Amino acid sequence: MSSRTSPIGRTITIRRAVARDAKRLTRLVRGSGAYEGKYAAAVAGYRVGPDYIEAHRAFVAVSADEHGGRVLGFYSLVLAPPELDLLFVADEAQGRGIGRMLVAHMQSEARAAGLDRVKVVSHRPAEDFYHRVGAMRTGTALANPPAVPWDRPEFEFRIPSE
């Protein structure tokens, strides 16, 4: 578990996700403003289950405030093949540096696992975010109807050894 202070001065703790986080993470995915309109179908039935949390390196960012440790965001790192499978920040928490904190944490976890690269298939509205946090565009994942009827940008994080 690691704690950092966000750019707005609140302490944010990043900890390993546990099975009891599953419903909150599912709500975060399904409620994401980035998946409104034409993108809504992609997450309408999506579920982050306890089995998923146990199978992958999933971590949550929680606030240490009056809300008693509210989940502000999370990510999931798949080791084989190396991929940042999920990264979400609650709509009301965006712009506070939490996404950047989660990416830095993911890079540290990837480095500890001996990875030198981590792939990301991005959602179009998140493309600028990945550029800003240092991911390099590597290509395009083609549409896969009916689940994902649009092409998506692919990125890669290069993980330097320390």
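Just so we're clear, the structure is a prediction, and the values are computed from it rather than from any experiment. (Residues numbered from 1 in each chain as written. Predicted model: local features only at pLDDT ≥ 70, side-chain atom pairs only at ≥ 80, totals over all residues. Heavy atoms only, no water.)

Caption draft 1: Looking closely at the pairing of strand β5 (residues 83-89). Burial analysis of β5 places five of its seven residues in the buried class, the great majority of the element. In this sheet, β5 lies alongside strand β4 (residues 71-78) in antiparallel orientation, the contact comprising six bridges. The residue of β5 that forms the bridge with Val 78 is Glu 83. Taking the residues that link successive antiparallel strands as the turn, the β4-β5 hairpin has four residues. (Buried < 20%, exposed > 50% of the residue type's maximum accessible area, 1.4 Å probe, protein only. Helix = DSSP H or I, 4+ residues; strand = E, 2+ residues; numbered from the N terminus. Pairing = 2+ DSSP bridges.)

Caption draft 2: Spatial organisation of the nonpolar core. Phe 74, Leu 84, Met 106, Val 118, Tyr 130 and Phe 157 are the most contacted members of the largest nonpolar core, which totals 48 residues. The element that contributes the greatest number of residues to this core is helix α3 (residues 98-112), accounting for six residues. (Core = buried A, V, L, I, M, F, W, Y, C linked by side-chain atoms within 4.5 Å.)

Caption draft 3: Examining the confidence of the model for the protein more closely. On average, residues of the protein score 91 in pLDDT, and 91% of them are at 70 or above. Per-element mean pLDDT across the protein ranges from 53 in strand β1 (residues 2-5) up to 98 in strand β6 (residues 117-121). (pLDDT = per-residue confidence, 0-100.)

Caption draft 4: The arrangement of the pattern of salt bridges in detail. Under the counting rule described, the total for this entry stands at eight salt bridges. Between Arg 117 and Glu 156 there is a salt bridge; the shortest N-O distance is 2.7 Å. Taken together, the residues Arg 117 in strand β6 and Glu 156 in strand β8 (residues 152-158) connect sequence positions 39 residues apart. Judged by relative accessible area, which is 36%, Arg 117 ranks as partly exposed. Take Glu 156: its relative accessible area is 16%, and that puts it in the buried class. Salt-bridge contacts for Glu 127 lead to Arg 137; the nearest nitrogen and oxygen are separated by 2.8 Å. Of this pair, Glu 127 sits in helix α4 (residues 127-132) while Arg 137 sits in strand β7 (residues 136-141); the two residues are 10 residues apart in sequence, bridging distant segments of the chain. A single network of salt bridges, built from pairs that share partners, joins Arg 15, Asp 21 and Arg 24. (Salt bridge = Lys/Arg side-chain N within 4 Å of Asp/Glu carboxyl O.)

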